[in-house]
2 protein chains.
Amino acid sequence: MFKFKIKHSDKKTLARTGIFKTPHGEIKTPAFMPVGTKATVKTLSPQDLENLGTQIILANTYHLFLRPGEKIIKHGGGLHKWMNWKGPILTDSGGFQVFSLAREKGFTKNKDFKIKVKIDENGVEFSSFLDGSKHYLTPEKATKIQHDLGADIIMAFDECAPANSSKKYLKEAMERTHNWATRCKKEHEKLSKKQKHKQALFPIVQGGLYKDLRTESAKFINDLDLPGNAIGGLSVGESRKEMLKTIEIIIPHLDPKKPRYLMGVGTPEDLFECVERGIDMFDCVHPTRMARHGAFWTEKGRFSIKNNKFKKDNKPLQPKCRCETCRNYSRSYLRHLIFENEILGLRLMTIHNLHFLLNLMSQIRQHIEKGTFTKFKKSFLKKFH
Amino acid sequence: MFKFKIKHSDKKTLARTGIFKTPHGEIKTPAFMPVGTKATVKTLSPQDLENLGTQIILANTYHLFLRPGEKIIKHGGGLHKWMNWKGPILTDSGGFQVFSLAREKGFTKNKDFKIKVKIDENGVEFSSFLDGSKHYLTPEKATKIQHDLGADIIMAFDECAPANSSKKYLKEAMERTHNWATRCKKEHEKLSKKQKHKQALFPIVQGGLYKDLRTESAKFINDLDLPGNAIGGLSVGESRKEMLKTIEIIIPHLDPKKPRYLMGVGTPEDLFECVERGIDMFDCVHPTRMARHGAFWTEKGRFSIKNNKFKKDNKPLQPKCRCETCRNYSRSYLRHLIFENEILGLRLMTIHNLHFLLNLMSQIRQHIEKGTFTKFKKSFLKKFH
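Since we're looking at a predicted model, the values are computed, not measured. (Residues numbered from 1 in each chain as written. Chains lettered and ligands numbered in written order. Predicted model: local features only at pLDDT ≥ 70, side-chain atom pairs only at ≥ 80, totals over all residues.)

If you rotate chain B by 180° and push it 0.0 Å along the axis, it lands on chain A with an RMSD of 0.0 Å. The superposition operator between the copies reduces to a two-fold rotation axis. When C-alpha distances to the rotation axis are compared across chain B, the minimum falls at Ile343 of chain B, with a value of 3.6 Å. Taken together, the interface assignments show that 97% of the residues at the interface of chain B recur at the interface of chain A, consistent with an identical surface on both copies. (Least-squares fit on C-alpha atoms with pLDDT ≥ 70 in both. Contact = placed C-beta atoms within 7 Å.)

Structure (structure tokens):
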């Protein structure tokens, strides 16, 4: 289980295709994972996801821990059974949300809560974004929660320091992340002995945009020798150039025989650039979130269905697209649904955007295997702007 | 086209089964029509509706006239093509909303608009519940809009006077309704000559709760000799007893060879009582609206999924139910989705409630044909409370 087999490596770049085996099925890489924060990819049913060719979805430990609580999900047979998704699932550790929701003060409707975090070497005390209640998470607890949830891939508990932190602080946070990753590994190994279902733990590289920190972190994380490695703390406000440069620093230190997961990244442009630099797995709320705002992709770029020009437009969102939305509905009807806040509209836009991204990923895999990845990237990005 | 064939008449009651032919398929009666106010049955796709065995849906002329406007829908090929629903559609005339939205001042978020209606013999001036803009509807215009929308069954423009109106006013409103129905028929016949698609016009009986007015109205409406007849102005605040008494007054005056449609009615109890009194068609927002509030039906009555007792309940909403929701999801998961305002939850609850009501209607038809309708009604209502 959790074997990663590289199928084809691009000759000119670090792009490669592979297959990652999990207890709930194989994942063809590079892969994009739709985000199902609260154990549902917003607006879609598991059947919709299957129809879209979704290989693996992500769920958020932070949200599920706070509500309904991991015990209820465990009692329901674990995440797969509870939410009726038969394919692989990855849960993050909660670390990212603990820190990012504390910073995004405008995130919650309950602006009265002071969402603070108190960090010590042992763990993090934080107040819930839902009701301000106090909670304490440690590497051990985050690992235990993820064992209860039962995803195929679980993540080590890390500290994702703000992008504008001092180098001194970033180094401290990185060292804590390493220390916590070691503890997660230990706890994971202990818990794994007692349970039937198998899970793979991925640790996370941190270190901001500093070459020395990222190098140190990549080496440390790689040495933990877990089934896959992740890169965190990117796509948090830095430029794309900075992000790509940082990836280039990290990749040489991560075992090429293991999948590399870049957390929280997923625009079409990003997929090309990061696949080219050796990334195998991605997740991002972008395609689903932008859909709910009425935005959609075609091969020509991003558009808003709210635009007046679509009022009487009987064409599908993207001519020739084979998704359920484009096969059955016009821009005129979709525009009406989005303007009226009709739920069907949110679902149909989500279906199109996920189809677009998953289909793009599938094409990327095909082109890597045919040896035409660079050419495909060039021709795609020329039209897409 | 629009032939109504009675298949079986119950021996003890006025219940009967029949088949009503429309250009988009046959409707087995008695039939329940889910409401798709803005050309979408809230939360569901046409595929969902088909999976549920939906025979016919309803759409609201008032809402579609105001936004996006009937011309956009006509340009999109008419309602069926535009919303991708291949089965029969019925549109109301807009009359009910013109009056009811004027009364429900709390309905709109824009409480600043004074939603008034000015009625004269020619038609109604009203302000939009959306933006306060002024509009004028006449029987001719309501008919023309419905021709542009292109539903299989269209309704005459009527005045639905408030339940607490004086008898004098109810009589005036009824006479206007008769006058308008005559004009709708004339306009409908004129417009029908010019168009390819066939539509059936149903006129509406009014007259409040007064026996003499309802008798007079039923006779007048019946004499228009259109393919079906409807009963309006009920289920607007009166008791069930009053409603049923009024139906009993009307039914003897409506041609038994034509379908009888009771507008806006649709709880399980109502279906039994009204089928028993000779009603063939129903529509109601109740099953879909209550679903979005987390309420659901089982054979034992109505429940709320928000109840604490369902927190760790891994059973389906209704054990043995064959709907998509009950086959795949637990009360525990559905409760989580509803609490989190997740769209999938709204859709899954809607699927169950519509399945419950459509399946009940199907069972009612079967029992009428087996001659066991009264027995079935008794046993169902004994459990359901």
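Let's pick the thread back up.
The next point concerns the confidence of the model for chain A. Atomic detail in the predicted coordinates should be set aside for any region of low pLDDT. Residue and element names in this part refer to chain A. For chain A, the average pLDDT comes to 94, and 96% of its residues sit at 70 or higher. Segment residues 105-110: pLDDT under 50, and 6 contacts once partners within four positions in sequence are set aside and those in other chains are kept. In the predicted complex, the global pTM is 0.96; the interface-specific ipTM is 0.96. (pLDDT = per-residue confidence, 0-100.)

Moving on, we get to the sheet that holds strand S2 (residues 16-22) of chain B. Residue and element names in this part refer to chain B. Read across the open sheet, the 3 strands follow the order S1-S2-S3; overall the sheet is antiparallel. With one partner strand each, in any of the chains shown, strand S1 (4-9) and strand S3 (25-29) form the two edges of the open sheet. Going from strand to strand, the sheet's axes swing by 15° on average, the running direction of each strand aside. Strands in contact with helix H14 (residues 343-370) are S1, S2 and S3; relative to S2, the strand with the most contacts, it is inclined by about 120°. (Pairing = 2+ DSSP bridges. Helix = DSSP H or I, 4+ residues; strand = E, 2+ residues; numbered from the N terminus. Axes fitted to C-alpha atoms, helices over the stretch in contact; angles between N-to-C directions.)

With that out of the way, let us pick up the environment of Gln318 of chain B. All names here are of chain B. With respect to the helices, strands and loops of the structure, Gln318 is situated in the loop between strand S17 (301-304) and helix H12 (324-328). Classification of Gln318 as buried rests on a count of 20 C-beta atoms within 10 Å. For the pair Gln318 and Lys118, spaced 200 residues apart in sequence, the C-alpha separation works out to 48 Å. Gln318 has contacts with Thr298 and Cys326, leaving out every residue within four places of it along the chain. (Buried ≥ 20, exposed ≤ 12 C-beta atoms within 10 Å, placed from the backbone.)

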